Number of protein chains: 2
Amino acid sequence: METQVVIMAGGIGSRFWPMSTPEVPKQFIDVLGTGRTMIQMTYDRFCKGEGALCKPQNVWIVTSEKYVDLVRGQLPEVPEANILPEPASRNTAPCIAYACWKIARVNPDSNIVVSPADAFVLDSAEYRRVIGTALSLTASSTKIFTVGIKPLRPETGYGYIETGEALGEEAFKVTAFKEKPDAPTAAKYIRDGRYLWNAGIFVWKLSTITAALREYAPGICSIMDRIAESFGTPDESTVLGELFPQCEKISIDYAVMEKSPDIYTIPGDFGWSDLGTWGSLKANLPQDRQNNAVVSSGSAELWDCKNCIVHVDGLRRVVLDALDGYIVAERDGRLLVCPLSDEQKIREFSSKQA
Amino acid sequence: METQVVIMAGGIGSRFWPMSTPEVPKQFIDVLGTGRTMIQMTYDRFCKGEGALCKPQNVWIVTSEKYVDLVRGQLPEVPEANILPEPASRNTAPCIAYACWKIARVNPDSNIVVSPADAFVLDSAEYRRVIGTALSLTASSTKIFTVGIKPLRPETGYGYIETGEALGEEAFKVTAFKEKPDAPTAAKYIRDGRYLWNAGIFVWKLSTITAALREYAPGICSIMDRIAESFGTPDESTVLGELFPQCEKISIDYAVMEKSPDIYTIPGDFGWSDLGTWGSLKANLPQDRQNNAVVSSGSAELWDCKNCIVHVDGLRRVVLDALDGYIVAERDGRLLVCPLSDEQKIREFSSKQA
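Just so you know, these numbers come straight off a predicted model, no measurement behind them. (Residues numbered from 1 in each chain as written. Chains lettered and ligands numbered in written order. Predicted model: local features only at pLDDT ≥ 70, side-chain atom pairs only at ≥ 80, totals over all residues. Heavy atoms only, no water.)

A. Region of the structure containing the overall build of chain A. When helices and strands are counted, chain A shows 11 helices and 17 strands. For 354 residues, the compact-globule estimate of 2.2 N^0.38 gives 20 Å, and the C-alpha radius of gyration of chain A, at 21 Å, lies within 12% of that figure. Each of the three principal axes of chain A carries a C-alpha extent, and together these read 60 × 50 × 40 Å. For chain A, the residues scored as buried account for 56% of the 354 residues in total. Counting only contacts in chain A whose residues sit at least 6 apart along the sequence, the fraction spanning at least 24 positions is 65%. Surface summary for chain A: the accessible area is close to 14,100 Å², and the carbon and sulfur share equals 49%. The average position of the 37 basic charges and that of the 45 acidic charges among the side chains of chain A differ by 2 Å. (Helix = DSSP H or I, 4+ residues; strand = E, 2+ residues; numbered from the N terminus. Rg over C-alpha atoms; globule rule 2.2 N^0.38 Å. Buried < 20%, exposed > 50% of the residue type's maximum accessible area, 1.4 Å probe, protein only. Contact = heavy atoms within 4.5 Å. Areas by Shrake-Rupley, 256 points an atom, 1.4 Å probe, with all protein chains shown as cover. Lys, Arg positive; Asp, Glu negative; His and termini not counted. Charge placed at Lys NZ, Arg CZ, Asp CG, Glu CD.)

Structure representation (structure tokens):
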């Protein structure tokens, strides 16, 4: 059974303005200063080196129409036909359905991994092992798997997976999905021990997810059936543009995961972070003795600074003095200086475009 | 008697890094965001509009060799021959002598104003009136005038002029020049009432300053005599390059003003500032209700900031949050974020070139 990887790359990354902008959002940025962008690192995790889970021609990227050129430029190994432009953002259920209906045309006998484009994984080998285990379990059953992350702290920024009965050596039945909790609830989850972070990584057979979508999201499926009639015809783009926006805006979690009785999880412990906040990005970067983390294209000198994260791209020299706990971010002529404690304001800053 | 204006424009403005850099120092920058650079504003004060004190062809700019193109570009009205390149920085006495020996070739019967390129004057009309008064007094005597500024506060960043006996309605004999005082001494000066700020603006007849230099700085004069032999010949630049650096490095204050018995001053009250610190620059800019001053080529949004000065040139959007009392300065790919209270450190930052 052939493995296909669907990378969801439609986000606009507004929490990371101005490093991330609506023109070039986070997944297309070398956020960690490694020389590879987030989507490239995600691709590499599946396709590069020994033990690769997937061939480049089996990678599918679902993204906004306006990011197609970015994907093409950053992932030249992925066939053009596998870059799937969404004419409108309709959350993850229509996004995943679109990719699955495409994959069905190529190989109905596929096993699928769905991953966000912009999560960070420290231990790729362990990541592959866990995904591989899930793939072998979905190949031989109609189970749906989600990869849970062993929680490291009572994080209130993630959703949680409640696990029940064990399934074999590694997997567990999922008994509930929990929304982002408040701090006492998160602390309770950690003490309880049965809860995992929800990383939004899914593994299923094509036939399994298709059947689940037909059962729980028939509206989306009937639209996809109509769109699929145009696949490979000159009308494809027009039909897609007309019909796709008619899909219900709904996440795969609400549409399927919380409804299907057949959801399982494998707890993963591979240094995962969604890098969803400046704080989590900082935590995943090397830090100096004063707990400053710096990613810079030029020189950056921090004098008497502590607990800062500096992410600059277009400046050749940055001198900072006497800042404690600040974000200093620059990209493409835009500069932000803002305390980490105010980072929830950044969406507001970024929404005022200039 | 023809008035000649000598503008000294050799400074490197290291206190204003990175707004000011050794490549384009403060006097060549639109520091106040008015659309004119400091040297252009200085030129305008003497030459523009009704009541101009001087014709463009009587303006002389002494500057470093490497700034000649900047002067030419910013002051196209000034004849090329009047831009005098110093092969080395030798402080103000050799600089002034150089200009005077040049002027002597053109018109020995000249009356001269010497001004720094980068001081700020709010009330140009009053400035002209005061300078005009000084010029009439030097034209008819062998007195040397310096323009003193009526002090507004016990500033420790300026030198002071101690005044004695009155000379006519506006002028006073200078009894002493005082170095930058400590705070108690500055406070004493203000209470005393006889002290003025030393603005480094001088007025004298060519024959007067030449005679004074011959008496008090004969070494510089003999070098200038030898340089002057080459004026207008193909060897001029070579001779200047060889001999000028041999001049003693000394200010006109030490070389002449503190030695001559014939020094007078006219107190001026025309909104003068040397804009020598970020603090004084801030004080001369319009401020918002939270005492922030902003000069920006693009948009600058200050959220919950107070007492900041923002001076950005190459960024199209700047968002600052929760800064109190900071300098945020950017030019040509260089960024500084530094508290105003630390601005004495900026020279150190700027000396580490990158």
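B. Representation of the interface of chain A and chain B in the model. Each partner contributes to the interface: chain A provides 32 residues, whereas chain B provides 32 residues. When the two sides are added together, the surface that chain A and chain B hide from each other amounts to roughly 2,800 Å², 56% of it contributed by carbon and sulfur. For Arg316(A), the salt bridge goes to Asp332(B), with nearest N and O atoms at 2.7 Å. The interface formed by chain A and chain B contains 20 residue pairs in polar contact (both at pLDDT 80 or more). Looking at the side of chain A that touches chain B, the elements with two or more residues in it are β13 (299-303), β15 (317-321), β16 (326-331), β17 (334-339) and α11 (346-351) of chain A. Residue contributions to the side of chain A that touches chain B peak at 6 residues, all from β17(A). Of the residues contributing to the side of chain A that touches chain B, the split by class is 17 nonpolar, 4 polar and 11 charged. The pairing of β15(A) with strand β17 (residues 334-339) of chain B spans 4 bridges and is parallel. Opposite Leu320(A), over in β17(B), you have Val337(B) as the bridge partner. (Buried area = accessible area lost by both parts, 1.4 Å probe. Salt bridge = Lys/Arg side-chain N within 4 Å of Asp/Glu carboxyl O. Polar contact = N/O pair within 3.5 Å; in protein donor to acceptor, adjacent residues only side chain to side chain. Nonpolar A, V, L, I, M, F, W, Y, C, P; charged D, E, K, R; others polar. Pairing = 2+ DSSP bridges.)

C. Summary view of the sheet that holds strand β12 (residues 293-296) of chain B. Spatial ordering of the open sheet is given by β13(A)-β15(A)-β17(B)-β16(B)-β14(B)-β12(B), a layout of 6 strands whose pairing is mixed. The open sheet has two edge strands with one neighbour each: β13 of chain A together with β12 of chain B. Shown here is a sheet whose adjacent strand axes are inclined to one another by a mean of 5 degrees, direction ignored. Here β13(A) runs beside β15(A); their pairing, made up of 5 bridges, is parallel. Residue Ala300(A) lies in a different strand from β15(A), and its bridge partner there is Val318(A). (Axes fitted to C-alpha atoms, helices over the stretch in contact; angles between N-to-C directions.)

D. Just the relation of the copies chain A and chain B, in detail. Once chain A has been moved 0.1 Å along the axis and rotated by 180 degrees, it coincides with chain B to within an RMSD of 0.1 Å. Those values place the two copies in the arrangement expected of a two-fold rotation axis. Take the interface residues of chain A: 100% of them recur as interface residues in chain B, which is what a same-surface contact looks like. (Least-squares fit on C-alpha atoms with pLDDT ≥ 70 in both.)

E. Quick look at unusual backbone geometry. In the segment running from Trp17(A) into Pro18(A), the intervening peptide bond is cis, with an omega of 0 degrees. Positive phi, normally seen in glycine, also occurs at Asn307(B), with a value near 60 degrees. Of note in the backbone geometry, Ala322(B) takes a positive phi value of approximately 60 degrees without being a glycine.

F. How the structure looks around the pairing of strand β4 (residues 110-116) of chain B. Residue and element names in this part refer to chain B. With 7 of 7 residues buried, β4 lies mostly within the body of the structure. In β4, alternate side chains face the same way, and those of Ser 110, Ile 112, Val 114 and Pro 116 on one face and Asn 111, Val 113 and Ser 115 on the other are all buried. The sheet contact formed by strand β1 (residues 2-9) and β4 spans 7 bridges and is parallel. Paired with Ile 7 across the two strands is Ser 115, which belongs to β4.

G. Summary view of the sheet that holds β16(A). Across the sheet, which stays open at both edges, the 6 strands sit in the order β12(A)-β14(A)-β16(A)-β17(A)-β15(B)-β13(B) with mixed pairing between neighbours. Each of the sheet's edge strands pairs with one partner strand only, and the pair in question is β12 (293-296) of chain A together with β13 (299-303) of chain B. Direction aside, neighbouring strands of the sheet carry axes that sit 5 degrees apart on average. Direction of pairing for β16(A) relative to β17(A): antiparallel, over a ladder of 6 bridges. When the sheet's bridge partners are listed, Glu330(A) is paired in β17(A) with Leu335(A).

H. How the structure looks around the pattern of salt bridges. Applying the stated criterion across every chain, the model contains 38 salt bridges over all chains. Taking the shortest distance from any N to any O, the salt bridge between Lys345(A) and Asp342(A) comes out at 3.1 Å. A relative accessible area of 14% places Asp342(A) in the buried class. Note that Asp118(B) is salt-bridged to Lys26(B), the shortest N-O span being 3.4 Å. One end of the pair, Asp118(B), is in the loop between β4 and β5 (120-121); the other, Lys26(B), is in the loop between β1 and α1 (38-47), and 92 residues separate them in sequence. Judged by relative accessible area, Asp118(B) falls into the partly exposed class, the value being 21%. The class for Lys26(B) is buried, based on a relative accessible area of 5%.

I. Geometry of the packing of aromatic side chains. Counting across every chain of the model gives 26 aromatic pairs over all chains. Note that Lys143(A) overlies the ring of Tyr264(A), its terminal NZ or CZ placed 5.1 Å from the centroid. We note Lys173(B) situated over the ring of Tyr264(B); from NZ or CZ to the ring centre the distance is 5.2 Å. (Phe/Tyr/Trp six-rings, centres within 6.5 Å; stacked < 30°, edge-to-face > 60°. Lys NZ or Arg CZ within 6 Å of the ring centre and 35° of its normal.)

J. Looking closely at the packing of helix α7 (residues 218-228) of chain A against helix α8 (residues 236-243) of chain A. Residues and elements named next belong to chain A. The N-to-C vectors of α7 and α8 enclose an angle of 160 degrees; their axes lie 9 Å apart at closest approach. With respect to each other, α7 and α8 are oriented roughly antiparallel. You can see that α7 and α8 cross each other, and the crossing is right-handed. Residue-level inspection shows Ile 223, Arg 226 and Ile 227 of α7 in contact with α8, the latter providing Val 239, Leu 240 and Leu 243. When its residues are assigned to classes, the contact of α7 with α8 shows 5 nonpolar, no polar and 1 charged. (Parallel < 35°, antiparallel > 145°, perpendicular 65-115°, else oblique. Left-handed = near helix turned anticlockwise from the far one by under 90°.)

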